[in-house]
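# Working through the structure, step by step
Spelled out, the chains give:
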Amino acid sequence: MPGGAVVFTGTADTSRVEAPVTVKAYLMCAFAAFGGIFFGYDTGWMSGVLAMPYFIRQYTGLDYPDPNDADAKAAFVISARDQSLTTSILSAGTFFGAIIAGDVADFIGRRWTIITGCGIFSIGCILEVASTGLAVMVVGRFIAGCGVGFISAIIILYMSEIAPKKVRGALVSGYQFCITIGIVLANCVVYATQNRKDTGSYRIPIAVQFLWAIILSVGLFFLPESPRYFVKKGQLEKAANALAHVRGQPIDSEFIQEELAEIIANHEYEMSVIPQTSYMGGWTNCFSGSLTNGASNIRRTLLGILMQAMQQLTGINFIFYFGNVFFKSLGTIKNPFLISLTTSLVNMGCTPVSFYIIEKLGRRTILIWGAAFMVGFQFIVGIVGVTAGRLEKHDNPAVSAMIAFICFFIGTFAVTWGPAAWVVVGEIFPLPIRSRGVGLSTASNWFWNCIISVITPYLVGTAKHDANLGAKIFFMWGSLCIISFVFALFLVPETKGLTLEQVDRMLEETTPWTSAAWVPHDTFAHEMGLTEKGIDVAPVENVEQSTNEKSAV
Ligand code: BGC
């Protein structure tokens, strides 16, 4: 009944704030995780394609080398500069895409932003498939990257906003699982086409991506918009419908009314403390408040940005981007591709463990322990690498040990920092700055991803001016994991089992150390006086309007 009023009457019973959830509702939330496939696949195919003979011939104009001519074979490569450009341009595109996406998601909605991201991504893909030279490929990569930026930031936002609190961590970890599946799929497709002597060698792996875009965008047409987006827009009837849809409950059920009342009251509260002024004023709000206050916007924004930076600085993508080259440099490995496939499979196989532990042990705990274990494993790889691993003897067991510990490192990342970094980012921002905060954090992930893909080749390269670190690079990643450990210990709060609105309250009342013991004791609906009188919701611009008026007074 557009234009009509809906009356919500909630109670302040904090134990009942969320509805029981149907299987269909779980499946709906889980579907969005499919967006992770883009992320994984798109980061996964490029390194394989760059090494394909047909691709190299096409892009460099060189003829296939004589297999007995070592010099010609060594020269038959895409230059390091072009490799670096084509690999990192994707991250540059995703960086900008993620930053822009936050605003778009507040303007046209989360769902439509993801669908738009699929459209942008497809345009980039068309250029990539059509390209026969580097220029069009680079432009295509950049545009596809923007699309991935839209998708990677807003999927996290959307999933966090629609998922039931008890399984929000597990569902968002499903997104990480899809990233890992995407990486494995890219490895397999590239492996299958690498020796073709026609354009199918690189066009097939690129074109496969259209499938992901079609599945995600068509699927999203059938999913509801995030109820929290409608609350932000002041369209409360639509919010009630969307919430009822994602919870699989009737719109007039008490659970739906209470959950919605709490979302509205929290938004009203946040709007009263975060004045919404101009467009740029909205952006500066992300950095307002005091650094010493764990609930201030600046603390939350820095937490999100640093969380993603630290995730990248664990060095995980060193393995996925440059694993082939590194394993080859260990000398005794016959098939580096198989080792790369193994590391991707370990990553994928371990990730589901996080579905359980992220809810059971909590985000903070697994981030702290994950960082500690990664420090240990990385240092072991480094130490073995500079001692027994250096001997270039056939079937050196020390090299096998290094690979085993690299796999332990990947497994630890897969069950801790991989998923938890995304989960926390989706949970820590209040609604008025949530889309921008998630966008900034995601952009930070891609920024560091880009930096790593640009500089690492020089760190492990063996050319004249390269650092030629070899296995010593693991001392660097291990030391960076020590920083991640300290970061998690001192700055990351525990957010498991709470609604996004309860997280907001918890941040106000605790420090990261005391956060895990916090229990919900009151609701925003109660505090804002909505539970006593019920809320008579006229079709609204009014929530934002009324709170703006309040903050102007
Ligand atoms: C990271 C990616 C990484 C992937 C590996 C993600 O969480 O953000 O950069 O390639 O995990 O599984």
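Structure first, text after, so check above.
Residues numbered from 1 in each chain as written. Predicted model: local features only at pLDDT ≥ 70, side-chain atom pairs only at ≥ 80, totals over all residues. Heavy atoms only, no water.

### Let's talk about the overall build of the protein chain
A tally of helices and strands in the protein chain yields 26 helices and two strands. Counting the 553 residues in the protein chain, one finds 58% classified as buried. When the accessible surface of the protein chain is totalled, it reaches about 21,100 Å², and 67% of it is carbon and sulfur. (Helix = DSSP H or I, 4+ residues; strand = E, 2+ residues; numbered from the N terminus. Buried < 20%, exposed > 50% of the residue type's maximum accessible area, 1.4 Å probe, protein only. Areas by Shrake-Rupley, 256 points an atom, 1.4 Å probe, with all protein chains shown as cover.)

### Notes on the site of the ligand
If you check the shell around the ligand, you find 15 residues, and the closest are Gln-176, Gln-311, Gln-312, Asn-317 and Asn-347. In this structure, Asn-317 approaches the ligand through a side-chain N or O atom, which is 2.6 Å from an oxygen atom. Between Asn-445 and the ligand, the recorded distance is 3.0 Å, taken from a side-chain N or O atom to an oxygen atom. Within the complex, 100% of the 310 Å² of free accessible area of the ligand lies under protein. (Near = heavy atom within 4 Å. Polar contact = N/O pair within 3.5 Å; in protein donor to acceptor, adjacent residues only side chain to side chain.)

### Brief notes about the packing of helix H21 (residues 431–460) against helix H22 (residues 473–491)
Running from amino to carboxyl end, H21 crosses H22 at an angle of 140°, the nearest separation of the two axes being 11 Å. Our classification of the angle between H21 and H22 gives oblique. Side by side, H21 and H22 meet where Ile-452, Thr-456, Leu-459 and Val-460 of the first sit next to Ile-473, Met-476 and Trp-477 of the second. Looking at the contact of H21 with H22 residue by residue, the classes come out as six nonpolar, one polar and no charged. (Axes fitted to C-alpha atoms, helices over the stretch in contact; angles between N-to-C directions. Parallel < 35°, antiparallel > 145°, perpendicular 65-115°, else oblique. Contact = heavy atoms within 4.5 Å. Nonpolar A, V, L, I, M, F, W, Y, C, P; charged D, E, K, R; others polar.)

### Examining the environment of Phe-322
Mapping Phe-322 onto the fold places it in helix H15 (residues 316–329). By relative accessible area, which is 15% here, Phe-322 ends up buried. Once residues within four sequence positions are removed from consideration, Phe-322 is found in contact with Asn-317, Ile-452, Ser-453, Thr-456 and Pro-457.

### What to know about empty space enclosed by the protein
Inspection of the entire model under this criterion finds four cavities of 30 Å³ or more. For the largest cavity, the calculated volume is near 160 Å³. Phe-39, Ile-179, Ile-183, Ile-316 and Asn-317 are, among the 16 residues lining the largest cavity, the residues nearest its centre. Considered class by class, the residues forming the lining of the largest cavity number eight nonpolar, eight polar and no charged. Gly-294, Arg-299, Arg-300, Leu-303, Ile-428, Leu-491, Pro-493, Leu-507, Thr-510, Thr-511 and Pro-512 are the residues that line the second largest cavity. Per-element tally for the lining of the second largest cavity: the top contributor is helix H14 (residues 297–313), with three residues. Its residues placed into classes, the lining of the second largest cavity shows six nonpolar, three polar and two charged. (1 Å grid on protein atoms, 1.4 Å probe; cavity = no way out; pocket = protein on both sides within 12 Å on 5 of 7 lines; lining within 4 Å. Points joined across faces, edges and corners; volume = space filled by probe spheres on them.)

### What to know about the packing of helix H12 (residues 254–273) against helix H23 (residues 500–509)
At a minimum axis distance of 9 Å, the contact between H12 and H23 shows a crossing angle of 45°. By the angle class used here, H12 and H23 are oblique. Across from Glu-262, Ile-263, Asn-266, Tyr-269 and Glu-270 in H12, the residues of H23 making contact are Glu-501, Asp-504 and Glu-508. Across the contact of H12 with H23, the residue classes tally to two nonpolar, one polar and five charged.

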